[in-house]
Amino acid sequence: MIIRPYEEKDKESVRFICLNSNGPCKSSEKEINYLLATYCDYYIEEEGINCFVAADENDNAVGYILCAENYDNFCKVFRRKYLTKISRRDMKHRLYAALSDFFQRKYKKIYPAHLHIDILPQYQRMGLGHMLMDALCQNLKSKGISGVCLTAGVKNEKGRNFYEKYGFTLLEEMPVAAVYALKICCETNRPEYP
């Protein structure tokens, strides 16, 4: 297994991972559209330079970490180009996409970047998540980005345990989501992540 930068050839594999990281996808077409628009396509199409994959011996992506390095830039493009992919009649999913955005807005000054990480079930618990996180943190550090945050489902115990073990701090917990953050570098350019 290797960790390497995302490449255009990984697009369909990354989309597959997005939909199947919790087991075989059983979502409706509307749900699939929402998941890809909200948690995948923006990152690989607009900020591929901030995305990394875990690849198997055949160089096929089996996991990824996707990142937007600047909250304000992300919002401008996401709202104009990706939120519009979610039907106006699909108010539930449009609200979920907006809520994720809202949770991170409060912390954008200290944690301007945000991420999504997923690994196919058969490749989990092999250290790939830690290696993907290391690759992203090195990338963000090299750009002088102060921190990264994410939202996790409040009931996602496995994910939340991973973030806490890696060194993320719980900033806020709401009924449906928890916001975690990690400082990447400070003014002295010294790394703050594990």
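Before reading further, recall that the structure is shown in the block above.
Note that the coordinates shown come from a computational prediction; the quantities given were computed from them, not determined experimentally.

### Describing the side chain of N20
Then comes step 1: Along the chain, N20 falls in helix 1 (residues 11-20).
Then comes step 2: Here the side chain of N20 touches F16 through a polar contact of 2.8 Å, landing on its backbone oxygen.
Then comes step 3: When neighbours within four sequence positions are excluded, N20 is seen to be in contact with C25, L120 and P121.

### Some points on the packing of helix 5 (residues 128-142) against helix 6 (residues 157-166)
Then comes step 1: Look at helix 5 against helix 6: their axes get within 11 Å of each other, and the N-to-C directions meet at 55 degrees. The pairing of helix 5 with helix 6 is recorded here as oblique in orientation. Both helix 5 and helix 6 take part in a crossing whose hand is right-handed. On the side of helix 5, the interface is formed by G129, H130, M133, D134 and C137, while helix 6 contributes F162, Y163 and Y166.

### Regarding the environment of F162
Then comes step 1: Assignment of secondary structure puts F162 in helix 6.
Then comes step 2: Considering only alpha carbons, one finds F162 and G129, 33 residues apart in sequence, at a separation of 8.2 Å.
Then comes step 3: In this view, F162 contacts I117, G129, H130 and M133; residues no more than four positions away in its chain are not counted.

### Details of the sheet that holds strand 3 (residues 61-68)
Then comes step 1: Spatially, 1-2-3-4-5-7-6 is the arrangement adopted by the seven strands of the open sheet, whose pairing is mixed. Either end of the sheet is taken by a strand with one partner, and the two such strands are strand 1 (2-5) and strand 6 (169-173). Each strand of the sheet is rotated relative to its neighbour by a mean of 25 degrees, with strand direction disregarded.
Then comes step 2: As paired strands, strand 4 (residues 113-119) and strand 5 (residues 147-153) are joined by two bridges and run parallel to one another. Following the sheet pairing, H114 is matched in strand 5 by C149.
Then comes step 3: On top of the sheet, helix 5 reaches strand 1, strand 2 (52-55), strand 3, strand 4, strand 5 and strand 7 (177-183); it is set at about 155 degrees to strand 4, its chief contact.

### Some details on helix 3 (residues 71-82)
Then comes step 1: Of the positions making up helix 3, those classed as buried are Y71, F74, C75, V77, F78 and Y82.
Then comes step 2: If you check the start of helix 3, you find a side-chain oxygen 3.1 Å away from the backbone N of D72, and it comes from N70.

### What about the pairing of strand 6?
Then comes step 1: As paired strands, strand 6 and strand 7 are joined by four bridges and run antiparallel to one another. Across the sheet, residue E173 finds its bridge partner in strand 7, namely A178.
Then comes step 2: If you look at the hairpin formed by strand 6 and strand 7, you'll find three residues sitting between the two strands.

Conventions adopted
- Residues numbered from 1 in each chain as written.
- Predicted model: local features only at pLDDT ≥ 70, side-chain atom pairs only at ≥ 80, totals over all residues.
- Heavy atoms only, no water.
- Helix = DSSP H or I, 4+ residues; strand = E, 2+ residues; numbered from the N terminus.
- Polar contact = N/O pair within 3.5 Å; in protein donor to acceptor, adjacent residues only side chain to side chain.
- Contact = heavy atoms within 4.5 Å.
- Axes fitted to C-alpha atoms, helices over the stretch in contact; angles between N-to-C directions.
- Parallel < 35°, antiparallel > 145°, perpendicular 65-115°, else oblique.
- Left-handed = near helix turned anticlockwise from the far one by under 90°.
- Pairing = 2+ DSSP bridges.
- Buried < 20%, exposed > 50% of the residue type's maximum accessible area, 1.4 Å probe, protein only.

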